[in-house]
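Inside the fold
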Amino acid sequence: MVLLTRLGGVPRLLGRVGAVNGSRWIHGTAALAQQGAAYNERLFGHVETSVNTFPILHTGGVHPVPVTLMPGEGIGLEVANSMIRVFEAADVPVEFERFEFTDLDEGVPDAVVASFRKNGVALKGPFNTPVKSKSKSINIILRTTFDLFANVVHCKNIPGVETRHPGVDVVVIRENTEGEYSGLEHETVPGVVESLKIISREKSIRIAEYAFQYAERNNRKKVTAVHKANIMKQSDGLFLQCCREVAARYPYIEFDNMIVDNTCMQMASKPQQFDVMVMPNLYGNIITNIACGLAGGQGLFPGANFSPTAAIFEQATRHAAKSIGGMDVANPSATILAGVGNPILFHSRLGSMTNSLCWLVFFLKRTEGDDAAIPETQ
């Protein structure tokens with residue numbers, strides 16, 4: 001099977017590679033970097049938007065790049081450790097400022113806020129938000145505090161991973177700061193609760209513009225707006241109207257729209273019809289999970305959250321999976337790719353290293369037992 005299936009296989013392989021050739025094996029293989037570049041581009045794409053969506057880190061020389069690290073809970077600790085060991089084995093000049101916290105009542109510690117504000121880039125593990133908890137989600141606090149307005153997840157078939165549908169290659173772009181996740185709820189009278197869904201023109205235009213710029217820069221052919229405007233005529237109606245306005249400025253990119261319940265059915269039956277998808281907050285969470293499930297599962301795909309000045313990278317589905325936490329059975333590929341396959345390294349002037357590590361993750365092949373074979377390309 002292609003891809004890592006156990007935490008233990010990562011450091012063993014890279015330790016063996018490092019013992020034989022050291023970091024030169026990672027740096028010195030042109031073919032490795034070229035193939036990695038292709039996979040990296042296909043997975044994450046590239047957008048340079050008018051709002052500076054991908055911050056450039058000006059580090060210069062070989063000085064370590066400071067990155068805020070929040071391992072989270074559940075499987076978060078072990079998959080984060082796996083990612084760190086990959087970086088260490090490859091001598092990646094990144095300095096992680098690590099913060100472990102899980103108390104929802106305390107929210108995000110001030111030290112974490114200061115670190116992320118300073119660094120502008122972070123890796124985040126999953127944080128569980130219990131149904132009975134009255135505290136605000138850590139994820140929502142981070143998104144709203146730093147205006148991480150665009151959540152981007154690219155799901156596609158990976159060679160060696162068997163799935164029900166071939167030809168899946170979909171980018172889900174989710175507005176990340178409003179909608180049902182605004183958290184504005186109150187009990188009007190005993191037994192009656194109102195939950196406010198906030199949709200604004202400003203933020204709808206912004207996420208639609210992001211989606212079309214992403215499609216344009218990555219040679220994608222179609223953008224689909226997902227909504228429920230037939231029922232929520234004002235809120236989702238406004239979102240759809242904004243998407244149509246933005247689409248008119250990109251006549252060379254096909255645009256269509258689809259009601260969210262039909263979208264779920266179409267994703268399950270014929271996902272190949274979708275290219276780039278843009279949608280409000282709650283729908284984005286649901287569609288992202290469906291897309292990851294269709295293309296291989298939660299352990300495979302990374303996700304990114306962008307603001308005009310900062311970015312957080314993480315596992316696409318953000319499931320803490322506390323029932324298996326600490327058992328060393330969680331697939332760390334999504335977290336490793338969140339670290340090596342995105343602008344953390346590329347925008348830190350470490351692009352060739354990114355490509356090499358991305359290729360390595362995809363082409364590690366399982367052999368008998370727990371040992372992994374070294375890729376044949378040299």
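To keep things clear, this report deals only with the structure shown in the data block. Since we're looking at a predicted model, the values are computed, not measured.

Thoughts on the pattern of salt bridges
Taken as a whole and judged by the stated rule, the model has 13 salt bridges. Residue Lys222 pairs with Asp256 through a salt bridge whose shortest N-O separation is 3.9 Å. Taken together, the positions of Lys222 in strand S8 (residues 222-227) and Asp256 in strand S9 (residues 254-259) put the pair 34 residues apart, joining distant regions of the chain. By relative accessible area, Lys222 is classed as buried at 14%. The salt bridge involving Arg318 is made with Glu314; its shortest N-O contact spans 3.6 Å. Exposure remark for Arg318: the relative accessible area of 11% places this residue in the buried category. By relative accessible area, Glu314 is classed as buried at 3%. Each of Lys124, Glu314 and Arg318 takes part in one network of salt bridges that share partners.

Considering the layout of surface pockets
Taken as a whole, the largest pocket holds about 290 Å³ of empty space. In terms of lining residues, the largest pocket is bounded by Thr129, Ser133, Ser135, Lys136, Ser137, Ile140, Glu180, Tyr181, Ser182, Gly183, Glu185 and Ser195. Broken down by element, the residue count for the lining of the largest pocket peaks at 5 residues, all from strand S6 (residues 179-189). Partitioned by chemical class, the residues of the lining of the largest pocket number 2 nonpolar, 7 polar and 3 charged.

Comments concerning the environment of Lys136
Note that Lys136 resides in the loop between strand S3 (121-124) and helix H6 (138-145). A sequence separation of 32 residues divides Lys136 from Leu104, and the C-alpha atoms of the two residues are 7.0 Å apart. In contact with Lys136, other than residues within four places in its own chain, are Leu104 and Ile141.

Structural notes on the nonpolar core
Core analysis: the largest hydrophobic core is formed by 45 residues, its most contacted members being Ile173, Tyr210, Val223, Val276, Val278 and Phe313. Counting residues per element, this core draws most heavily on helix H7 (residues 201-217), at 7 residues. If sequence neighbours within four positions are ignored, Val223 has contacts with Ala211, Phe212, Ala215, Ile253, Glu254, Phe255, Asp256, Val276 and Val278.

Here we look at H6
Of the positions making up H6, those classed as buried are Ile138, Asn139, Ile140, Leu142 and Arg143. Taken together, the buried residues of H6 touch strand S1 (65-70), S3, strand S5 (169-175), S6 and strand S12 (311-315). Where H6 starts, the residue carrying a side-chain oxygen 3.1 Å from the main-chain nitrogen of Asn139 turns out to be Ser137. Of the residues flanking the end of H6, it is Asp147, one or two places downstream, whose phi is positive at about 55°.

So, the pairing of S9
Bridge analysis of S8 against S9 gives 6 bridges, and the strand direction is parallel. In the sheet register, Val226 faces S9, and the bridge partner there is Met258.

Criteria and thresholds
- Residues numbered from 1 in each chain as written.
- Predicted model: local features only at pLDDT ≥ 70, side-chain atom pairs only at ≥ 80, totals over all residues.
- Heavy atoms only, no water.
- Salt bridge = Lys/Arg side-chain N within 4 Å of Asp/Glu carboxyl O.
- Helix = DSSP H or I, 4+ residues; strand = E, 2+ residues; numbered from the N terminus.
- Buried < 20%, exposed > 50% of the residue type's maximum accessible area, 1.4 Å probe, protein only.
- 1 Å grid on protein atoms, 1.4 Å probe; cavity = no way out; pocket = protein on both sides within 12 Å on 5 of 7 lines; lining within 4 Å.
- Points joined across faces, edges and corners; volume = space filled by probe spheres on them.
- Nonpolar A, V, L, I, M, F, W, Y, C, P; charged D, E, K, R; others polar.
- Contact = heavy atoms within 4.5 Å.
- Core = buried A, V, L, I, M, F, W, Y, C linked by side-chain atoms within 4.5 Å.
- Polar contact = N/O pair within 3.5 Å; in protein donor to acceptor, adjacent residues only side chain to side chain.
- Pairing = 2+ DSSP bridges.

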